[in-house]
Structures are given as structure tokens and as C-alpha cells.
Amino acid sequence: MDNFSALLEGFATVLHPVYLLWALFGVFIGTAVGVLPGIGPAMTIALLLPLTYSLEPTAAIIVFAGIYYGGMYGGSTTSILLNTPGESASIVTALEGNRMARAGRGAAALATAAIGSFVAGTIATVALTFVAPVVAGWAVQLGEPDYFALMVVAFITVGALLGSSVPRGLASLSLGLFLGLIGTDTLTGQQRFTFGVPNLADGIDVVVVAVGLFAVGEALYVGSRMRHGPIEVIPVEKGWRSWMKRDDWRRSWKPWLRGTAIGFPVGTIPAGGADVATFLSYAAERRFAGKRRKQFGKGAIEGVAGPEAANNAAAAGVLVPLLTLGLPTTATAAIMVVAFQSYGIQPGPMLLRNESALVWALVASLYIGNLMLLVLNLPLVGMWVRVLSIPRHYLYAGILLFGALGSYALNFSPVDVLLLLIVGLIGFFMRRYGYPVAPMVVGMILGPMAEDRLRRSLAISQGDLTYLVTSPFAATAYVAIAVLLGVGIWLKRRERATGVAPIAGDGDDR
Amino acid sequence: MRSDSGAPEAPTTPGEPTAEAGPPPSDAPEPVVAEPPRRRWGELVLAAATAALGVYVLMAAGSITVPGSTNTLGPRAFPYLVGGMLLVAGVALVVLVLSGRAGEEEGGEDVDPTQRSDWLTVVLLVVTLVVHVFAINVVGWPFAAAILFAGAAVVLGARPWWRAALVGLVLGLVIQVIFGGLLGLSLPPGPLLEGVPFLRG
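One numbering rule holds for all chains: residues counted from 1, following each sequence as written. Chains carry letters and ligands carry numbers; both start at the beginning, A for chains and 1 for ligands, and go up in the order they are written. With pLDDT at 70 or above as the cut-off, local features in this predicted model cover only qualifying residues; side-chain atom pairs require 80 or more to be listed or tallied, and sums for whole chains, interfaces and linings still use all residues.

### Quick word on the overall build of chain A
- Helix and strand counts for chain A stand at 19 helices and two strands.
- Both definitions apply: the radius of gyration is a C-alpha atom measure, and the globule rule equals 2.2 Å times residues to the power 0.38. The globule rule puts the C-alpha radius of gyration for 510 residues at 24 Å, and the 22 Å found for chain A is close to it.
- Its C-alpha atoms give chain A principal-axis dimensions of about 65 × 50 × 45 Å.
- Burial is judged by counting other C-beta atoms within 10 Å of a residue's own C-beta: 20 or more means buried, 12 or fewer means exposed, and anything between counts as partly exposed, with every C-beta placed from the backbone. The burial tally for chain A puts 64% of its 510 residues in the buried class.
- We call two residues in contact when their backbone-placed C-beta atoms lie within 7 Å. Here the contacts in chain A between residues at least 6 apart in sequence split such that 81% fall between residues at least 24 apart. Secondary structure follows DSSP: runs of H or I at least 4 residues long count as helices, runs of E at least 2 residues long count as strands, and numbering of each begins at the N terminus.

Shown next as C-alpha cells:
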């Protein structure tokens, strides 16, 4: 099929006034929630999921695209303007952006982040348009063992490799796999680990786990050691038209393009998503800075422009394996799989063929959402700044309320809210003792899929284990794991060398 | 990276022994050791619990019924694998904690790393959520939501309490109107508001 005309059809769908309004709504609410401190994209999506329950699939997908890009963008505002950055995932932006803001250049930092996100988002969405059909066409030929190999790659990269502590990542991943086991076995119909509770026979809903770990766990953890005293938001000068000086443009455009070039490919491979991309871009900018290298760590605009562009490009890149293979490579993507499934859409190689109108509408709304973000964010930054100073007790009470609403709305059963609380407590203890929570969500979603693939593979081969590694693709994947492990260790060394604190395995924010 | 400029509160010296406020939840015993690893006990319990869960999964996996029709890999294999992973990770973590390498707790914009854990707040937040759960079917969703919001806000330091209650009530009703009335989620309005047409989709 002609992809270009399909994309045009997608645009025709999305440009319908009602859908445009939905897109605007998604971008707006995504940014608003993403800007809230302590809420990353994964939590934004998990919290806003109930908003889309009652929409028809096309509208839901369009709102979703807006929330995804908006939530991604919102986070950068937080790390630039809040005087107390500390989230591991936004550390690179905070590193330079927050310094710039404190030196009175907050507006320039925000502008380069916004425009860089737009540039990167647009280029990366174009790349997605061309790459996704190719990957999908090729994915159709993959067999069961190949999918199993891909999932093993995702487990290892998301779960253990990039965390600051491998055993903690492994523990979190295994906990997620265990939660995925609870319920009725799809192939034999046997109940597993349901403890005789009828509510558990259908398994625990992933939304409950995601919201519990990200929202409730976070609220409890913040509650246990809340930062008291006034909230220090760094003021931004008025008049956004004069934000970027000529010199800022000159210094920003190359990092934007380099960030995009780094971000998109890193996003497409299952290697931990945007975290890695922002770090790589930061390192690259430092290298290219030449004489200006001394400014790094003191507020170099390149250190905001590059990583922010890389972040957004990676966000689009993540959609490639998500849409074509059904393979989520970040916690945010994992929650998107859940969202798609709740609309009755199964991401995977057949998606582009069976639901091509929907997919192209999604891609088209990514283009439009990206444009809307730019238009929305430059003038509205004053409002986002006010959102940042919302009293923390109301903020976290609101997070709890929306988390409870989201789980209650799943089945309208208070039992789900109780489960949410239990998962939230687990999340609290994990946060407190430095266990990353993202692998748990990914493990829970990918676990049942991986088990399915594994058992189907072995059913085909009649128990011959070598069948798992004999296909060229699977063999390549396992070799790639070995290489990735090597690169991972190398990256960690680089991080230490460049003085960036180790990227904690908790990818819950990018 | 981590800003410490102008933090108004006096930071607790990390060396202080932790006499934590409030009753700790049952599964996290009061840390009795002072620094170095002041959170050692709780972390040890979490690691041991992971290992214990692994043992449980390994044992329980054996009692999953395998129907006769199953070829090669039945419903037990994956649980065995997961149980094994839990056990390995748990044991590795116990060893890690005992050798003094405690985990790095998570940072965040609103987290004050110098603050001691305030267990009372955590317990009260949990209680508020439990009350919310049981209130939904008694007083209806909007009021249960108001209880949750106001309760959590006051526990987290909102003053005066009646303003939090007012905000909670308004928020609960607004969400009920938007989600229940306009978007068609069947949130129960409760006996007090039963029959108000725009609260139900």
C-alpha cells in the first residue's frame, strides 16, 4: 500500500475539527500534568488513561498522542525552572538548564527546549513514517523464537542493564513477572497464584499496578519526606519573543539536529529509551563544544538543546518497536501498550495491515500535536510556571485521587482501589530502598507475552531447545544482548568519567 | 545538580540515629542501628521478602495442575523460572545489604533527602485511602473522593482543614459531573445525590 497517501488520509481524519479539538485537549492536559513536579510521562499516561476510557478509538488515540508528546515536553519545564531538581531521568536537562535559569537565562533554556523538541519531534515523526512500514513488513516474517528473543532483549535492557544496581533491577523485573503470572494460564486454562480469590482469576490489571507503583508509591514516598518550606520556582522574564538571541540560535541548531540523530535510533532499539539518548547527546555536545566546554556544568545552552531534542526524537523512536512489534521498550511505552489494548487494539506486526487507518491517524496526530505544543508552550509558559508553584499537599492529594479514580473506573469495584493501595505500598518500599520500578511494569506486561511465545516455540519444535537459537534473527538478538551488556558497562564507565551521576535504572520519567 | 541553595529548613545531620516518628508498618521494623547504614533493617526485610517470595513461587509452582494434553512446556515451567529469578535476586540483595552496600534511595523534586522518614504521614495516607475504599459504596463516589482528597491534603500539611475539605468536595463533584455525567463513567453518586440527573451518564 502507498504509505504516503495513507498518511494523507490520516491527516484528513485528524484535521476534522472535533479531532483537532481532542488533539489540543490531549496536548494541553499532557503538558499540564507533565509539568507537575514529580510526575513523569509514564505517570502522566497512567493517570490520564481513565480520561480516554469512554472515547471511541480514533479520538482516544488522538488524545493519547497529545498526552504522550505533551507529557514528554512538560518534564523539561519542571527541571529547568524548579530550584530543586533531583529526578534521575531529567538530570541531564537539569544539569545545564537549571544552571541557565539560575543565571537569569531561564527563558532561553525553555525556548531552546521547546523549539528543539519541535524540530526533533517533527524530523523523528517523519522518520517514523518511513521506518515503521519497513519494520512492520519485515516483522511479519519473524517466527515465535524470534519474538521470544526480542523480549529477552527488552527484559535485559529495561530490567537490569541500565540500573545503578543489577540485583535490584532483577528483583523488580522478577516481581513484575510474578504479578504477570497471577491469573488464568492462557494455554491450559489453569489458575496460577490466585490464592482462591475470584477477583484474581482474570489477573491483576496492569493499570492498577502502573498507577499504584508510579502514582501512589510516589505520593507515599514524597509524603514520607516532604520538602517543606516555600517552593522556589525560578522566575522567567516576560516577552517570549526576545527569548532566543541570535547567538542562542546559532549555538542551538546543530545540537538539535545532532540530538535528533542520536535520539531516534536509540529510541528504536530496545536499549532503555530516552534516558540513554539524552545522556549520549549530552556527552556528544560536550565533545563538540570545543572552547566552550568550560561552560558545561555552568549553564551551556548546547547541553539543553541537544538532550531535549534527543529526548523527543527517542520518544518517536520508541513508537517504532511498539507499533510494529508490539514491543514496549520503556515504562511509558509499556503503559501505552496497556492503553492500546484497552481500546481493543493489539500493537504488533499485523497492526499496520489491520488497523492502518488508525495507525496513520496516530502518526498524523503526532505531527499536529508537535506543532500545537510549540504554539502552546512558548506563550503559555507563564501559566506553566504557576502550575509549578501549586501547593504540594494539594498536588499529591490530587495525584492520589486521580490514581484511585483510574483504578476504580476499571471495573467499578472498590477491590481494585484496595489492590492499588497494596501495590502503592510495595512501590513505596521499592523507592525507599532504591529499587527501580520501571522494570516491574515492563516485566508484568511483557512476561505473559514472553511465556506465550516461549511455549509456542517449544510446541512447534516439540521440546527441542535449540530451536530457540537456530533462526538467524534470534541468534543475532542473543549476540546483540552480549554486545549490549558490554556497551552498558562501557557507558557506565563513561558516565563516571564525565561526572554525570549514574542514570538510575528507574526510567519512569522518560 | 542537587541544589542546596536557600533550603530554609535545618537539615538533619545524616549521622543522627533514627528515632522515627510514628508507628512503622508491621513489615518494616524500627531501624535500631545508627549510621552507617541506617536503613539496613528495612532493606534487609525487603530483600529477604523477595527471596522468600521466590521460595514460595518455586514450591507453589509444583502444585499447579498440568492437564494431560500439555505438550513439552506446561504451565509450571515459567513459574519455576520466575521463582528462581526472585530467589537469586533476593539472596544477592541480602548479601549486598549485609556487606554494607545499601541502595541509593530515589530522588525527586519534592523529596528532601536530608529529611528522616515520617512514618506517621505514610500510615495516615494509607488509612485515608482505606477509608476512601470503604466509603465509595456507602456515601457515593463524590463524597468518598472528597474524603480522600481532604484527608490526604491535611495529612500532607494543608491548613486550614476546612479549605482542604471544601476543595475536595468541589473537586469530587466536578469530577462526578465531568466523568459520570458527561463522559459516561458509571461512578455511583451515592444516596444523597441519587436522582440528580446530570450526575449519571
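### Some remarks on the overall build of chain B
- When helices and strands are tallied, chain B shows five helices and zero strands.
- Burial status across chain B gives 35% buried among its 201 residues.
- Of the contacts made within chain B by residues no fewer than 6 positions apart, 52% connect residues no fewer than 24 positions apart.

### Side note on the interface of chain A and chain B
- Counting residues at the interface gives 75 residues for chain A, matched by 71 residues for chain B.
- Listing elements by their share of the side of chain A that touches chain B, those giving two or more residues are helix 5 (91-139), helix 7 (166-181), helix 8 (206-224), helix 15 (392-411), helix 16 (414-432) and helix 17 (438-461) of chain A.
- Sort the elements by how many residues they give to the side of chain A that touches chain B and helix 15 of chain A lands first, with 12 residues.
- The nonpolar class holds Ala, Val, Leu, Ile, Met, Phe, Trp, Tyr, Cys and Pro. Asp, Glu, Lys and Arg form the charged class, and all remaining residues, Gly among them, are polar. The class makeup of the residues in the side of chain A that touches chain B is 41 nonpolar, 21 polar and 13 charged.

### A look at the environment of Arg76(B)
Residue and element names in this part refer to chain B.
- Structurally, Arg76 can be placed in the loop between helix 1 (40-61) and helix 2 (77-98).
- Judged by the 20 C-beta atoms lying within 10 Å of it, Arg76 is buried.
- Separated by 15 residues in the primary sequence, Arg76 and Ala61 place their C-alpha atoms 5.6 Å from one another.
- Excluding anything up to four places from it in sequence, Arg76 contacts Ala61, Gly62, Ile64 and Val66.

### Thoughts on the nonpolar core
Residues and elements named next belong to chain A.
- Ala46, Ile62, Ala210, Ile335, Leu400 and Val441 are the most contacted members of the largest nonpolar core, which has 225 residues in total.
- Broken down by element, this core gets its largest block of residues, 24 residues, from helix 5.
- Setting aside residues no more than four positions away along its own chain, Ile335 makes contact with Ala42, Ile45, Ala46, Ala210 and Val441. The nonpolar core criterion groups buried Ala, Val, Leu, Ile, Met, Phe, Trp, Tyr and Cys residues into a set whenever they are joined through C-beta atoms within 7 Å.

### Side note on the packing of helix 8 of chain A against helix 3 (residues 119-139) of chain B
- With axes taken as lines fitted to C-alpha atoms, and helix axes fitted only over the stretch in contact, angles between N-to-C directions fall between 0 and 180 degrees. For the pair helix 8 of chain A and helix 3 of chain B, the least separation of the axes is 7 Å and the interaxial angle reads 145°. Of the two elements, helix 8 of chain A crosses helix 3 of chain B, and the hand of that crossing is right-handed. Every residue of helix 3 of chain B that contacts helix 8 of chain A at Leu220(A), Gly223(A) and Ser224(A) is listed here: Thr121(B), Val122(B) and Leu125(B).
- Across the contact of helix 8 of chain A with helix 3 of chain B, the residue classes tally to three nonpolar, three polar and no charged. Crossings are classed by handedness, with left-handed meaning an anticlockwise turn of the near helix from the far one by less than a right angle and right-handed meaning a clockwise turn.

### Looking at the packing of helix 8 of chain A against helix 17 of chain A
Residues and elements named next belong to chain A.
- Where helix 8 contacts helix 17, the axes come no closer than 10 Å and their chain directions differ by 175°. One way to sum up the angle between helix 8 and helix 17 is to call them roughly antiparallel. Counted together, Val206, Val209, Ala210 and Leu213 of helix 8 and Met440, Val441, Met444 and Ile445 of helix 17 form the full contact between these two elements.
- Grouping the constituent residues of the contact of helix 8 with helix 17 by class yields eight nonpolar, no polar and no charged. For classification purposes, angles smaller than 35 degrees are called roughly parallel, those larger than 145 roughly antiparallel, those between 65 and 115 roughly perpendicular, and all remaining angles oblique.

### Comments concerning helix 3 of chain B
- Between the first and last residue of a helix there are one fewer steps than residues, each counted as 1.5 Å, and that sum is the expected span. In this model, helix 3 of chain B (21 residues) spans 29 Å end to end at C-alpha, consistent with the 30 Å of a helix rising 1.5 Å per residue.
- Taken as a whole, helix 3 of chain B carries its principal kink of about 30° at Val133(B).
- Within helix 3 of chain B the residues assigned to the buried category are Thr121(B), Val122(B), Leu125(B), Val126(B), Thr128(B), Leu129(B), His132(B), Val133(B) and Ile136(B).
- Looking at the packing, one finds that the buried side of helix 3 of chain B touches helix 8, helix 15 and helix 16 of chain A together with helix 4 (141-155) of chain B.
- Looking one or two residues past helix 3 of chain B, Gly140(B) carries a phi angle of roughly 95°, positive in sign. By definition, a residue's bend is the angle between the axes fitted to the seven residues ending there and the seven starting there.

### Section: the confidence of the model for chain B
All names here are of chain B.
- In this model, chain B carries a mean pLDDT of 76, and residues with pLDDT of at least 70 account for 71%.
- Confidence of the predictor at the level of single residues is given by pLDDT, which spans 0 to 100. The lowest-confidence element of chain B is helix 5 (residues 161-182), averaging 89 in pLDDT; the highest-confidence one is helix 4, averaging 94.
- Below pLDDT 50 for its whole length, residues 1-37 participates in 57 contacts with residues either more than four positions away or in separate chains.
- For this predicted complex, the interface confidence comes out at an ipTM of 0.82, alongside a pTM of 0.83.

### So, the environment of Ile262(A)
Residue and element names in this part refer to chain A.
- With respect to the helices and strands, the residue Ile262 is situated in helix 9 (residues 246-268).
- For the pair Ile262 and Ala132, spaced 130 residues apart in sequence, the C-alpha separation works out to 18 Å.
- When neighbours within four sequence positions are excluded, Ile262 is seen to be in contact with Ala277, Leu280, Ser281, Ala284 and Ala310.

### Examining unusual backbone geometry
- The residue after Arg159(B), namely Pro160(B), is reached through a cis peptide bond having omega -10°.
- Position of Pro160(B) among the secondary structure elements: in the loop between helix 4 and helix 5.
- One non-glycine residue, Phe193(A), adopts positive backbone phi at about 55°.
- The topology assignment puts Phe193(A) in the loop between strand 2 (191-192) and helix 8.
- Judged by the 18 C-beta atoms lying within 10 Å of it, Phe193(A) falls in the partly exposed class.
- The phi dihedral of Phe412(A) is positive, around 55°, even though this residue is not glycine.

### Things to note about the environment of Met85(B)
- Here Met85(B) shows up in helix 2.
- Taking the C-alpha atoms as reference points, Met85(B) and Thr50(B), 35 residues apart in sequence, are found 9.8 Å from one another.
- Residues in contact with Met85(B), not counting those within four places in the same chain, are Leu170(A) and Ser174(A).

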